[in-house]
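# Residue-level structural notes
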Amino acid sequence: MRYLSLNDKNHMAGFKEAVVRGIAPDKGLYFPERIEPLPSSFFDQIENRSKDEIAFQAIQQFVGEDISNNALQNIIAATLDFEFPLVTIEEGIATLELFHGPTMAFKDVGARFMANCLGHFSETSDEEVTVLVATSGDTGGAVANGFLGVEGAKVVILYPSGKVSDIQERQLTTLGQNITAMEVSGTFDDCQRMVKDAFLDVDITKKRKLTSANSINVARWLPQMFYYLFAYRDSKKREMDIVFSVPSGNFGNICAGMVAHRLGMPVKHFVAATNVNDVVPNYMKSAEYSPKPSIATISNAMDVGDPSNFIRIQNLFENSFEKLQRYLSSFSFTDEETKAAMFDVYGKTGYMMDPHGAVGYLGLKKYMENNPGISGIFLETAHPIKFLDVVKETLDVSLDIPPQIQRVIDKEKIAIPIKKYAELKSFLMD
Ligand SMILES: *Cc1c(COP(=O)(O)O)cnc(C)c1O
């Protein structure tokens, strides 16, 4: 498998190079040169297959020769050792719970897969890779956890001081070893700018091999297709049309679902549900893409004003607005609507949604209004405990702390406070 850069399609890289670079030298996102559909027998017999088998079949062509089949099977087994339950919450609506991993957010899947790939590559090279990542919350914890103790990888995580939840902060500042947390006095955008500056800084790139662990990295983006396939397997409503509603920020998760569709998974439609950061909902109305500064909301992992993976979605549909429209709808919701949905669903069914999942639920409901008789699945991307303050206030409940969270609450926070890019640079040059 080769990947081309979406800036200059003449720049090509194999899987390993794309993972180690993160982004192409011309700053384009990597995109698979070709996607071969899986044989229809794969989908006909999917209920007889294990998670690991499904994942292997789905990802093998994207990895190609760069990792042996045996090593790839081991990477998959290490990535997927938790459950992805599909839970029916009302007539025709189920939620795919993606929060049973070590940091209780769906980003565990991509972060662990990528970490295991880099760990595998380091077995045959002594060059160290530095993974540099900016986080508004969940990415940091998932990356820290996934990369902890991985040979050949050093991880530097930048997060905005005071703007991530207490649990999220502990998940990324308490691990130590090869993980360094930098607490930036500034916003998430400031963190992201510093990361971008570092990638463009030749003093640093001459000295260190830098890669990113955001969803622009193909090893974090593509494995997210696995759980759409598991959900398809578990839905067992093969004669019914299925719609996936995905709470979206950078649009990496939904884009991976669309890759699963391209592999032949029978899905009728995708709904991209957003908070008031509504660049894509506006695009689906007007065919005009106008990025804007992000707005803070209670579903803060989706506060993105210029979703980096949207260009990949456009490419999957050959840059045709009409083709995209056939498979994608997109709706945005306010914080008030989100809280009302959390409250209603909890009251009616006892099911507790986090604010991101609630946005996904709302997106599905809205699509169903105009498409009666359809059954749908919305993705619950984080455990409610990760957004404890909002959940407590909205539902007036107290939550038990799950063991994987309790473990970090008891640990001491260690972070390097920084204000300026120069401080990040001197750390990386050291
Ligand atoms: C990152 C995140 C999202 C958004 O996912 P994208 O792939 O960026 O669209 C949604 N919900 C939660 C809880 C997240 O952490």
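Up top is the structure these notes are about.
All of the points below concern the structure found in this document. Computed from a prediction, not measured in an experiment: that's the story for all the values here.

Scoring rules and cut-offs
- Residues numbered from 1 in each chain as written.
- Predicted model: local features only at pLDDT ≥ 70, side-chain atom pairs only at ≥ 80, totals over all residues.
- Heavy atoms only, no water.
- Pairing = 2+ DSSP bridges.
- Helix = DSSP H or I, 4+ residues; strand = E, 2+ residues; numbered from the N terminus.
- Axes fitted to C-alpha atoms, helices over the stretch in contact; angles between N-to-C directions.
- Contact = heavy atoms within 4.5 Å.
- Parallel < 35°, antiparallel > 145°, perpendicular 65-115°, else oblique.
- Left-handed = near helix turned anticlockwise from the far one by under 90°.
- Nonpolar A, V, L, I, M, F, W, Y, C, P; charged D, E, K, R; others polar.
- Buried < 20%, exposed > 50% of the residue type's maximum accessible area, 1.4 Å probe, protein only.
- Arc of directions from axis to C-beta.
- Phe/Tyr/Trp six-rings, centres within 6.5 Å; stacked < 30°, edge-to-face > 60°.

On to the sheet that holds strand β3 (residues 30-32), then. Ordered by their spatial adjacency, three strands build an open sheet running β2-β1-β3, and the pairing between neighbours is antiparallel. Of all strands in the sheet, those with a lone pairing partner are β2 (12-14) and β3, marking the two edges. For this sheet the average axis-to-axis angle between neighbouring strands, irrespective of direction, equals 40°. Pairing between strand β1 (residues 2-5) and β2: three bridges, direction antiparallel. Paired with Leu4 across the two strands is Met12, which belongs to β2.

What follows covers the sheet that holds strand β12 (residues 328-332). One open sheet holds the six strands; their spatial order is β4-β5-β13-β10-β11-β12, and the pairing between them is mixed. Strands with a single pairing partner mark the edges of an open sheet, and in this sheet they are β4 (86-90) and β12. Mean inter-strand twist for the sheet, computed between neighbouring axes without regard to direction, equals 25°. Relative to the sheet, helix α13 (residues 279-286) contacts β11 (269-274) and β12, its axis offset from that of β12 by approximately 125°.

For any two helices packed against each other, one specifies the inter-axial angle together with the distance between the axes. For the pair helix α11 (residues 226-235) and helix α12 (residues 252-262), interaxial distance at closest approach is 8 Å and the crossing angle is 60°. With respect to α12, the axis of α11 lies oblique. Helix-helix and strand crossings are classified by hand; for α11 and α12 the assignment is right-handed. Where α11 approaches α12, its residues Tyr227, Tyr228 and Leu229 are matched on the opposing element by Asn253, Ile254, Ala256, Gly257 and Ala260. In terms of residue class, the contact of α11 with α12 is built from six nonpolar, two polar and no charged.

Time to look at unusual backbone geometry. One non-glycine residue with positive phi stands out, namely Gln177, at about 50°. By secondary structure assignment, the location of Gln177 is in the loop between α7 (166-173) and β8 (179-184). Given the relative accessible area of 67%, Gln177 is considered exposed. For Phe251, which is not a glycine, the phi torsion comes out positive at approximately 65°.

Note that an α-helix has 3.6 residues per turn; residues three or four places apart therefore point the same way. Inspection of helix α18 (residues 388-395) places Leu388, Val390, Val391, Thr394 and Leu395 among the buried residues, and these make up the whole buried set. Down the axis of α18, the smallest arc covering the buried residues is 165°, so these residues share one side. Counted as exposed and oriented over 90 degrees from the buried face of α18: Asp389 and Glu393. Contacts made by the buried residues of α18 are with α16 (335-349) and α17 (355-370).

Given two aromatic rings, one states the distance between the centres and the angle between the planes to describe the pair. Enumeration over the complete set of coordinates arrives at 20 aromatic pairs. Ring geometry for Phe42 versus Phe43: centroids 5.0 Å apart, planes at 90°, classification edge-to-face. With respect to burial, Phe42 and Phe43 carry one shared label: buried. Judged by centre distance (4.9 Å) and plane angle (35°), the ring pair of Phe82 and Phe84 falls under tilted. In this structure an aromatic cluster arises from ring pairing among Phe82, Phe84, Tyr227, Tyr228, Phe230, Phe244 and Phe270.

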